[in-house]
Protein chains: 2
Amino acid sequence: MSKRLTTTSYAVLAQVAVHPWSTYELAQQRVRYFRYVWPRAESAIYREVTRLSSMGLITGRKEYVGKRARTVYSITDQGLAALRQWLDTPVSPFAMDFEAMIRLFVAPLGTKEQINSTLTQVQNDAQEMLRFGGAVKQEFLEGIAVTQDQVYIRALAVDFFISLLHTVDAWAERTLREIESWDDLTPDGKNERGLEIIRQLPVATPEESVKGPPIPPDTQLRLRRSR
Amino acid sequence: MSKRLTTTSYAVLAQVAVHPWSTYELAQQRVRYFRYVWPRAESAIYREVTRLSSMGLITGRKEYVGKRARTVYSITDQGLAALRQWLDTPVSPFAMDFEAMIRLFVAPLGTKEQINSTLTQVQNDAQEMLRFGGAVKQEFLEGIAVTQDQVYIRALAVDFFISLLHTVDAWAERTLREIESWDDLTPDGKNERGLEIIRQLPVATPEESVKGPPIPPDTQLRLRRSR
DNA sequence: GGACACATGTAACGGGTTACATGATTTC
DNA sequence: GAAATCATGTAACCCGTTACATGTGTCC
């Protein structure tokens, strides 16, 4: 068992910091915590709990619900200190896995139905997540959220979540409409239209912005470094 | 070596489908292809190339640049067929790793400087990626992009990329301003403000939308299934 | 009292990462 | 002709996943 803590470790630690949980609850309640910003399999949570416990960052207390034993974990002072220390290290950048984009690139090899169904799936996923966001919103407004005392922070996170999903949803929508307007998936006659879309994108080309000093080479974008 | 192809395999295959590349070029040029939507380490690309080649989905031809040997890979008919077949399988959903969100949640354990630097980093990353997006835009407008004949498709992808980054950038900006306005990171007196932000989020609460039929239980959001 | 979902895990595989290695070219 | 960088990989660890296991409460 490695000694290094990963972001996943800190995610679990952060969740335990809110209040004590059993491992099962931790794994389940990730939905309301980091499932969407740091998705991991349940078994990964179980392993992290074992690890954090063996390192003394959380402590388990055996409880019984009827005849069934369960271990409820709380954060230790050492665990809190570890979290605080972590806040001084550099963040790993935003990263996404978006398979639909790869499929879009190779879409001309397939059919209109295929790319349509891919984009529809993207939109459905986004709308489903938005529904979850709506549920969270309501919980806070009703004052029954587990982290009700942290609204002032959580509001900022939910804001991000909602904004991002609206962006994905809207993009899927307009892209579906665009493809609908095509007769087929070949490049024939679609060149100028594509350039027009590109031209209208709200972003400056380097040509337009060569007034400023050149970008120093060490400003290179970091790849995700999540270990 | 497992026989199953992963999304990473198909990403490499899709890139080789554009035109032949040496392995090194493939690993480098991911920047212009899937680096941002399917980020993987270079060594993973090398391994995939070996695998795809041994499965006959791509073929390598030895070339020499001066004294240095290199293998240039092209896609085979079998590889094209595999890509086409893949388009009929369900997409794996959008997923993100966004460590900054975890840090935001535990921000009250640390200092204002710490959360500020986290959010600034998020904004810098987004702006750096936007600059890259601008460069891609210019390439297409100048007509010198490698996939110039695919503008009509790529435009849709670049649109997504730009939209998403503007969303991230704007969120980081307004969140930085919000936190700037605080005296400290404690909940004291920030409760009502948080609720106000939540209230204004552009998403329907389930309460508001109970007119429609209940959501069938099998509409559950899938977790990323990228294998 | 059988079925089913809840609660709590363990085992094993493999994909992704980090770290290292090595010759060839270019730079100064 | 030394140093830096390019080009091309290999090795090994470990995180994350999928699949399985097993007892316990609950529903009808």
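Refer to the preceding data block for the structure.
Source: prediction; values computed, not measured.

Caption draft 1: Geometry of the overall build of chain A. Each helix and strand in chain A was counted, giving 8 helices and 4 strands. Relative to a compact globule of 227 residues, whose C-alpha radius of gyration would be 17 Å, chain A shows 23 Å and is clearly more extended. Its C-alpha atoms give chain A principal-axis dimensions of roughly 70 × 50 × 40 Å. Relative to its 227 residues, chain A shows a buried fraction of 52%. Counting contacts in chain A only where the partners sit at least 6 residues apart, residues at least 24 apart contribute 63% of the total. Accessible surface, chain A as shown: approximately 11100 Å² in total, 52% of it carbon and sulfur. On chain A, the mean spot of the 29 positive side-chain charges and the mean spot of the 27 negative ones are 11 Å from each other.

Caption draft 2: Quick peek at the interface of chain B and chain A. Contacts between chain B and chain A engage 101 residues on the former and 102 residues on the latter. Summed over both partners, the interface of chain B with chain A comes to about 10700 Å²; 69% of that surface belongs to carbon and sulfur atoms. Inspection of the chain B/chain A interface yields 4 salt bridges. Between A:Arg174 and B:Asp159 there is a salt bridge whose closest N-O contact spans 2.7 Å. Applying the counting rule to chain B against chain A returns 37 residue pairs in polar contact (both at pLDDT 80 or more). Of the residues in the side of chain B that touches chain A, the class split is 59 nonpolar, 20 polar and 22 charged. Pairing between strand S4 (residues 95–97) of chain A and strand S4 (residues 95–97) of chain B: 3 bridges, direction antiparallel. Along S4(B), the bridge assignment pairs A:Met96 with B:Met96.

Caption draft 3: Broad picture of the relation of the copies chain B and chain A. Overlaying chain B with chain A gives an RMSD of 0.1 Å, the required rotation being 180° about an axis along which the chain moves by 0.0 Å. When the rotation and shift are considered jointly, the pair of chain copies conforms to a two-fold rotation axis. Identified as the residue of chain B closest to the rotation axis by C-alpha distance is B:Met96, at 2.1 Å. Interface residue correspondence from chain B to chain A reaches 100%, placing this contact among same-surface, isologous pairings.

Caption draft 4: How the structure looks around the protein's contact with DNA strand C. In the vicinity of DNA strand C lie 23 residues, with A:Tyr24, A:Arg68, A:Arg70, B:Ala41 and B:Arg47 positioned nearest. Within the side chain of B:Thr8, an N or O atom sits 3.3 Å from a phosphate oxygen of DNA strand C. Contacts to DNA strand C include B:Ser43, whose side-chain N or O atom sits 2.9 Å from a base oxygen. When residues of the surface near DNA strand C are traced back to their parent elements, those giving at least two are helix H2 (23–29), helix H3 (42–54) and strand S3 (68–75) of chain A together with helix H3 (42–54) of chain B.

Caption draft 5: A look at the pairing of S3(A). All names here are of chain A. In terms of strand pairing, strand S1 (residues 21–22) meets S3 through 2 bridges, oriented antiparallel. Bridged to Trp21 within S3 is Tyr73. For strand S2 (residues 58–65) and S3, the ladder comprises 8 bridges, and the chain directions are antiparallel. Along S3, the bridge assignment pairs Gly60 with Tyr73.

Caption draft 6: Spatial organisation of the environment of B:Leu13. All names here are of chain B. With respect to the element layout, Leu13 can be found in helix H1 (residues 7–18). Relative accessible area serves as the criterion here: at 0%, Leu13 is assigned to the buried category. Excluding its chain neighbours within four sequence positions, the residues that come into contact with Leu13 are Leu52, Leu57, Ile58, Ile75, Gly79, Ala82 and Leu83.

Caption draft 7: Geometry of the sheet that holds S2(A). The antiparallel open sheet is built from 3 strands, whose spatial order is S1-S3-S2 (chain A). Across the chains shown, the open sheet's two edge strands, defined by having one partner strand only, are S1 and S2 of chain A.

Caption draft 8: Inspection of the packing of helix H8 (residues 191–200) of chain A against helix H7 (residues 151–180) of chain B at higher detail. At a closest axis distance of 8 Å, the pairing of H8(A) and H7(B) adopts a crossing angle of 20°. As judged from the angle between their axes, H8(A) and H7(B) are roughly parallel. Every pair of crossing elements has a handedness; the one defined by H8(A) and H7(B) is left-handed. Each of A:Asn191, A:Gly194, A:Leu195, A:Ile197 and A:Ile198 in H8(A) lies in contact with H7(B), whose residues at this interface are B:Val151, B:Tyr152, B:Ala155 and B:Leu156. Here the contact of H8(A) with H7(B) is built from residues that sort into 7 nonpolar, 2 polar and no charged.

Caption draft 9: Main features of the protein's contact with DNA strand D. What surrounds DNA strand D is a group of 23 residues, the closest being A:Ala41, A:Arg47, B:Tyr24, B:Arg68 and B:Arg70. Among atoms of DNA strand D positioned within 4 Å of the protein, sugar and phosphate together represent 61%. For DNA strand D, a phosphate oxygen lies 3.2 Å from a polar atom in the side chain of A:Thr8. Of all the secondary-structure elements, those providing two or more residues to the surface near DNA strand D are H3 of chain A together with helix H2 (23–29), H3 and strand S3 (68–75) of chain B. For the surface near DNA strand D, the residue count by class is 6 nonpolar, 8 polar and 9 charged.

Caption draft 10: Broad picture of the side chain of A:Thr23. Tracing the backbone through its elements, the reader meets A:Thr23 in helix H2. Setting aside residues up to four positions removed in sequence, A:Thr23 forms contacts with A:Tyr46, A:Val49, A:Thr71 and A:Tyr73.

What counts and what doesn't
Residues numbered from 1 in each chain as written. Chains lettered and ligands numbered in written order. Predicted model: local features only at pLDDT ≥ 70, side-chain atom pairs only at ≥ 80, totals over all residues. Heavy atoms only, no water. Helix = DSSP H or I, 4+ residues; strand = E, 2+ residues; numbered from the N terminus. Rg over C-alpha atoms; globule rule 2.2 N^0.38 Å. Buried < 20%, exposed > 50% of the residue type's maximum accessible area, 1.4 Å probe, protein only. Contact = heavy atoms within 4.5 Å. Areas by Shrake-Rupley, 256 points an atom, 1.4 Å probe, with all protein chains shown as cover. Lys, Arg positive; Asp, Glu negative; His and termini not counted. Charge placed at Lys NZ, Arg CZ, Asp CG, Glu CD. Buried area = accessible area lost by both parts, 1.4 Å probe. Salt bridge = Lys/Arg side-chain N within 4 Å of Asp/Glu carboxyl O. Polar contact = N/O pair within 3.5 Å; in protein donor to acceptor, adjacent residues only side chain to side chain. Nonpolar A, V, L, I, M, F, W, Y, C, P; charged D, E, K, R; others polar. Pairing = 2+ DSSP bridges. Least-squares fit on C-alpha atoms with pLDDT ≥ 70 in both. Near = heavy atom within 4 Å. Axes fitted to C-alpha atoms, helices over the stretch in contact; angles between N-to-C directions. Parallel < 35°, antiparallel > 145°, perpendicular 65-115°, else oblique. Left-handed = near helix turned anticlockwise from the far one by under 90°.

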